[in-house]
Amino acid sequence: MQLLSISFLIFFLPACLVLYWKFIKTPRSRLWFLLAASLLFYSLGGIQFIPLLLALSLATYWLAQRKLIWPGVCLNLLALVVFKYWDFGITNLQNVIDQFDIPFVLPLLRLAFPLGLSYYVFKHLGYLFDIQKGRYEATTDRLTFITYSVFFPQISAGPISSFQDTGKQLGNLPTSFSYDMGYQGLLHLAVGIAKKLLLAENIAIILGMRIFETEYLPDGLAVAWVLVLLQGFFLYLDFSGYTDMALGLGYLFGVTLPPNFDNPYTATSPRRFWERWHISLTQWFRIYLFSPLSRFLIQRWGATRKTIAQYTANIVTMTLVGLWHGASAWFVLWGVYHGVLLNINAWAERKRLRVVGSWISQVATFIAVMFGWSFFFSSGKGTFLIIFRNLVGLGGFGSFSDFFAELPANYHVMLIVTVLVIFSGYAEAANLSKIKKPWFAALVGILLAIPLMFLGEPSDFSYVQF
Amino acid sequence: MIRKSNSKLSINQLLLIITSASGYLFSIWRTGSLLLQDLTRSNAEEFSSIIVSFIENCGALLLCSLVFAAFFLEKIKKRGVLKKDRSVKTKDDRLFKLSLGFFIVILASSVVSIVVVNPRGLYGFSLFPQLYDNIRQEKVGYYLDLTETPEVIIIGTSRTLSLSPDYIEETLGYSAFNFGISGPQLDDSLLVAKFVFDHSDLQRPEVIIFEVEGLHRINPKRTAQVSPLQFVAYMEAEMKVLAVVSRIQEIFNVHQLSEALYVLQAVQGDEALSTYWDVTPNGFTAFKPPFTLEEDIARLEETGRPKTSCKNKSESEDYIREIVDLAEKHDIAIVFYISPMHPYFFQKYFEKDSNYVQCFNDVYEFFVSLEKEHENVFFINLKNIESIDGITDETGFYDRQHLTPKNANLLIDAMAESIHQAYQKAVEEED
């Protein structure tokens, strides 16, 4: 089932909330209910993957209890490799084999991708590593663990929260409805749906304009930069809209999920950007990969090579962050690019350059991040080279006139509002949650209603595919 | 995690605020100017587009306003302008109830407007004139108004619309009703047939004239979306769900809301809504094709050749068999016929599209064998225009496939013998 659909927002969600708060009284029965609702939600999107989800969840629970950490890690990674990376790896390997004219064909699996696999596998891996490190004890509450694993507000695209945080909350669900959390839920839902349906969907329509098709893309910086800016705005509004919705749903069921965004496009450095973009994934990689890898490299190479160790860890971590997004060389390149940006950032901080943290750094970071989206959205070498050539000015400056000539008049307001919201520094629902005024609450209610009128057909989020 | 803003405004920030305020005010002006146009002079499409843009912009501006409000309230609070919060601390339950209340009121107003005005005729009643004629709904209404069930009922696509029940009565002596509808698929026609069979309790029809295409076309999703509510009872379970879900989705369609507003303003201004179909109580419909013959020819020339495929062959044959079985059960004879095509297109399709020829031959063979298997089934292939005297006159076609009333009468003449035979068969079965 899709979060942005009439069937979910008008039927599934209200029915679940009424049952959850009105008819189910004890925290334990509420937990059972959340598990059932999550499995129903998941099965309506693809019932064939329910056994995989439950098997991985139960196996992780069982192996963690017996401190069999590495078998658990391997099992989860195996699922990820089989469903997400096998065909990518095999295709590349086959290309190498073909270069040597060896008559051998490797098998492709061509499997459908299970919804949310990358997200719940990462939750499982985080849990296993936490147990290994002794951060907390393995849970003996199977119901809580499985519910944590399949909790429907976050199963499609995160946030990737730790068991210590979300699992503990699920194990101690509130006994009564909290109006404060209820209001937070409505506010987050309103902002999330508005970002997605009113802004991101319209940017997607603009991105579908003929001028942005590779064969019609005019020469010059102007339109190429408009393209990457719009792609960057779209991705942010789409994903942060989803995150606000997921957080809102969590609040409505009495669970506080961790934030995933904090106005990333106003960041003053690449490091700050990654502290504000897809926060839960960044934290996961920082805790479970970057820090141990840095420590390991320093141990191996010695404290004198601490800087090199950090640079290496940055590149490795960001390459894997890129690979996490999908089995494509372009995602890998995007990750490497950000690894390089982080290293430049680390170098500048180490040299104590005055520019770090200034508005110049802020603008440079924004431009660098936007440039990076040209890797992320690239569909092939030819497309990339055309856009890259224009982005760096090899095609001259060009003109905005072609863009504005094709842009329908009613999209001007959308573009202005998009820019204002993104750069306000208050673009996240959490930024608005501190305002506790009745008129503000009334406007939130209206904001929640308006985008729903645009929900004719179910709509999906970009990050669900990752 | 959320960044704290600075308590003092720098010149840079001030410049940013001025720029933002200009952009915000410009957006408000652009949005407001949408409504300053003379909407009463707009046609339905223009009106709808303006209202949709207005609502969309209002939503976006509301989000922007909340963001700005949060920004300034926090700045003011930090600068100490509001020394003391004089208001009584607002209770959380009040905020929640206010949000939920406004949400419900706005959404409910939109839903009620759509359902009550029903501009697309999707909800089974019409308190207001419909913006888009729902030909299915109109024909169902006329059929239910009949005091006696007619002896001959015509079912099929828009190609049947110009077949005149009056002409059938004049020349063949049978009372008739034209239940042909625009753009149906085979599953659509099956629903019409089931509806007719189910409503023939007082006096059943003797003959159904059933127009079939030279191709198999099925589209349960579209059929579920456009069928009148009276047809839902005759749908398969999956299609029933689709029918209900699509209507519910349409309740949240801002385009339908804007159409409802258009109807309301037109009604208030005593403005007549333009009608697309001109349906008479016996089902005869003055047809207005979307393209002229010349435009149709130009489109074919542009695309090179028709693109056809024989999808859903076995499913459509199952549908036909189901109709035949139902007719047999009710002692009704069926005359299946394939409608003629304009000579130019007939030639192009049969010369240039081997797929079409293959599909057509399959369909032809199926109906020939069906006619042999069932005594109540009659089949006439009128695709080949040479089979009807005088129909080759090119002025007898509105476009590539829709006949003018003159040619429609020739078609009835060509089917007369089969209709008589079918009638006799049905009467014999009844006896």
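Draft legend 1. Main features of the overall build of chain A. The secondary structure content of chain A amounts to 20 helices and 0 strands. With the principal axes as the frame, chain A shows a C-alpha extent of 65 × 60 × 55 Å. A burial count over chain A gives 58% of its 466 residues as buried. If you take every contact in chain A between residues at least 6 apart in sequence, the share linking residues at least 24 apart comes to 77%. Total accessible area on chain A is roughly 18700 Å²; 66% of this is exposed by carbon and sulfur atoms.

Draft legend 2. The arrangement of the interface of chain A and chain B in detail. In this assembly, 63 residues from chain A lie in contact with 54 residues from chain B. In terms of surface lost to chain B, no three residues of chain A exceed A:Tyr179, A:Tyr426 and A:Met453, which account for 14% of the buried area on that side. Viewed at the interface, chain B and chain A are joined by 1 salt bridge. Taken together, chain A and chain B are joined by 5 residue pairs in polar contact (both at pLDDT 80 or more). Going through the elements one at a time, α1 (6-23), α9 (179-207), α11 (270-276), α12 (279-301), α18 (412-423), α19 (429-432) and α20 (438-452) of chain A are the ones with two or more residues in the side of chain A that touches chain B. Examining the composition of the side of chain A that touches chain B, we find that 14 residues originate from one element, α20(A), more than from any other. Split by residue class, the side of chain A that touches chain B holds 43 nonpolar, 11 polar and 9 charged.

Draft legend 3. Representation of the domain arrangement of chain A within the structure. Residues and elements named next belong to chain A. Segmenting chain A into domains produces domain 1 (26-174) and domain 2 (180-465). A C-alpha centroid distance of 25 Å is found between domain 1 and domain 2. Tallying the contact residues gives 31 residues for domain 1 and 31 residues for domain 2. Between domain 1 and domain 2, roughly 2500 Å² of surface is buried when both sides are summed, and carbon and sulfur atoms account for 70% of that area. Remark: the boundary between domain 1 and domain 2 carries 0 salt bridges. Here domain 1 and domain 2 share 9 residue pairs in polar contact (both at pLDDT 80 or more) between them. With 7 residues, the single largest contributor to the side of domain 1 that touches domain 2 is helix α5 (residues 117-133). For the side of domain 1 that touches domain 2, the class distribution of residues is 19 nonpolar, 8 polar and 4 charged.

Draft legend 4. Focus on the packing of aromatic side chains. Residue and element names in this part refer to chain A. Within this structure, the stated rule accounts for 86 aromatic pairs over all chains. Ring centres of Tyr 148 and Phe 163 lie 5.2 Å apart, and the angle between their planes is 85 degrees; this geometry places the pair in the edge-to-face category. Note that Tyr 148 is positioned in helix α6 (residues 142-150) and Phe 163 in helix α8 (residues 163-171), a separation of 15 residues in sequence. Of the two residues examined, Tyr 148 and Phe 163, each falls in the buried class.

Draft legend 5. Examining the sheet that holds strand β7 (residues 377-381) of chain B more closely. Residues and elements named next belong to chain B. Spatial ordering of the open sheet is given by β2-β1-β3-β6-β7, a layout of 5 strands whose pairing is parallel. Edge positions in the sheet fall to β2 (176-178) and β7, since each has one partner strand and no second. Each neighbouring strand pair of the sheet contributes to a mean axis angle of 15 degrees, computed without reference to strand direction. As defined by bridge partners, strand β1 (residues 152-155) adjoins β2 across 3 bridges and the pair is classed as parallel. The residue of β2 that forms the bridge with Ile 153 is Phe 177.

Draft legend 6. Here's a closer look at the side chain of A:Ser280. Residue and element names in this part refer to chain A. Position of Ser 280 among the secondary structure elements: in helix α12. Accessibility expressed as a relative area gives 4% for Ser 280, which makes it buried. In terms of polar contacts, Ser 280 uses its side chain to reach the backbone amide nitrogen of Ile 160, at 3.0 Å. Looking at Ser 280, its side chain comes within polar contact range of the side chain of Asn 260, at 2.7 Å. Not counting residues within four places of it along the chain, the set of residues in contact with Ser 280 comprises Pro 159, Ile 160, Pro 259 and Asn 260.

Draft legend 7. View of helix α4 (residues 69-99) of chain A. All names here are of chain A. In α4, a bend of some 65 degrees at Tyr 85 exceeds every other bend along the element. Turning to α4, its buried residues number three or more, namely Ile 69, Gly 72, Val 73, Asn 76, Ala 79, Leu 80, Phe 83, Lys 84, Tyr 85, Ile 90, Gln 94 and Ile 97. For α4, the elements touching its buried residues are α3 (50-65), α5 and α13 (306-325). At the exit of α4 stands Asp 101, carrying a positive phi of roughly 55 degrees.

Draft legend 8. Looking closely at unusual backbone geometry. Residues and elements named next belong to chain A. Positive phi, close to 45 degrees, is recorded for Asn 263, a residue that is not glycine. Inspection of the secondary structure puts Asn 263 in the loop between α10 (221-252) and α11. The backbone phi angle of His 278 is positive, close to 45 degrees, even though this residue is not glycine. Here His 278 lies in the loop between α11 and α12.

Draft legend 9. Here's a closer look at the pattern of salt bridges. Considering all chains together, one arrives at 22 salt bridges over all chains under this definition. In this structure, the salt-bridge partner of A:Glu201 is A:Lys196, at a minimum N-O distance of 3.0 Å. Using a relative accessible area of 27% as the deciding quantity, one classes A:Glu201 as partly exposed. Residue A:Lys196 is classed as buried on the basis of its relative accessible area of 1%. The partner of B:Glu322 in a salt bridge is B:Lys194, and the shortest N-O contact between them spans 3.0 Å. Of the two residues, B:Glu322 is situated in helix α11 (residues 313-329) and B:Lys194 in helix α6 (residues 186-198); the sequence distance between them amounts to 128 residues. Classification of B:Glu322 as partly exposed rests on a relative accessible area of 27%. The network of salt bridges with shared partners includes A:Arg271, A:Arg272, A:Glu275 and A:Glu349.

Conventions and cut-offs
Residues numbered from 1 in each chain as written. Chains lettered and ligands numbered in written order. Predicted model: local features only at pLDDT ≥ 70, side-chain atom pairs only at ≥ 80, totals over all residues. Heavy atoms only, no water. Helix = DSSP H or I, 4+ residues; strand = E, 2+ residues; numbered from the N terminus. Buried < 20%, exposed > 50% of the residue type's maximum accessible area, 1.4 Å probe, protein only. Contact = heavy atoms within 4.5 Å. Areas by Shrake-Rupley, 256 points an atom, 1.4 Å probe, with all protein chains shown as cover. Buried area = accessible area lost by both parts, 1.4 Å probe. Salt bridge = Lys/Arg side-chain N within 4 Å of Asp/Glu carboxyl O. Polar contact = N/O pair within 3.5 Å; in protein donor to acceptor, adjacent residues only side chain to side chain. Nonpolar A, V, L, I, M, F, W, Y, C, P; charged D, E, K, R; others polar. Domains from an automatic or database assignment. Phe/Tyr/Trp six-rings, centres within 6.5 Å; stacked < 30°, edge-to-face > 60°. Pairing = 2+ DSSP bridges. Axes fitted to C-alpha atoms, helices over the stretch in contact; angles between N-to-C directions. Bend = angle between axes of the 7 residues up to and from the residue.

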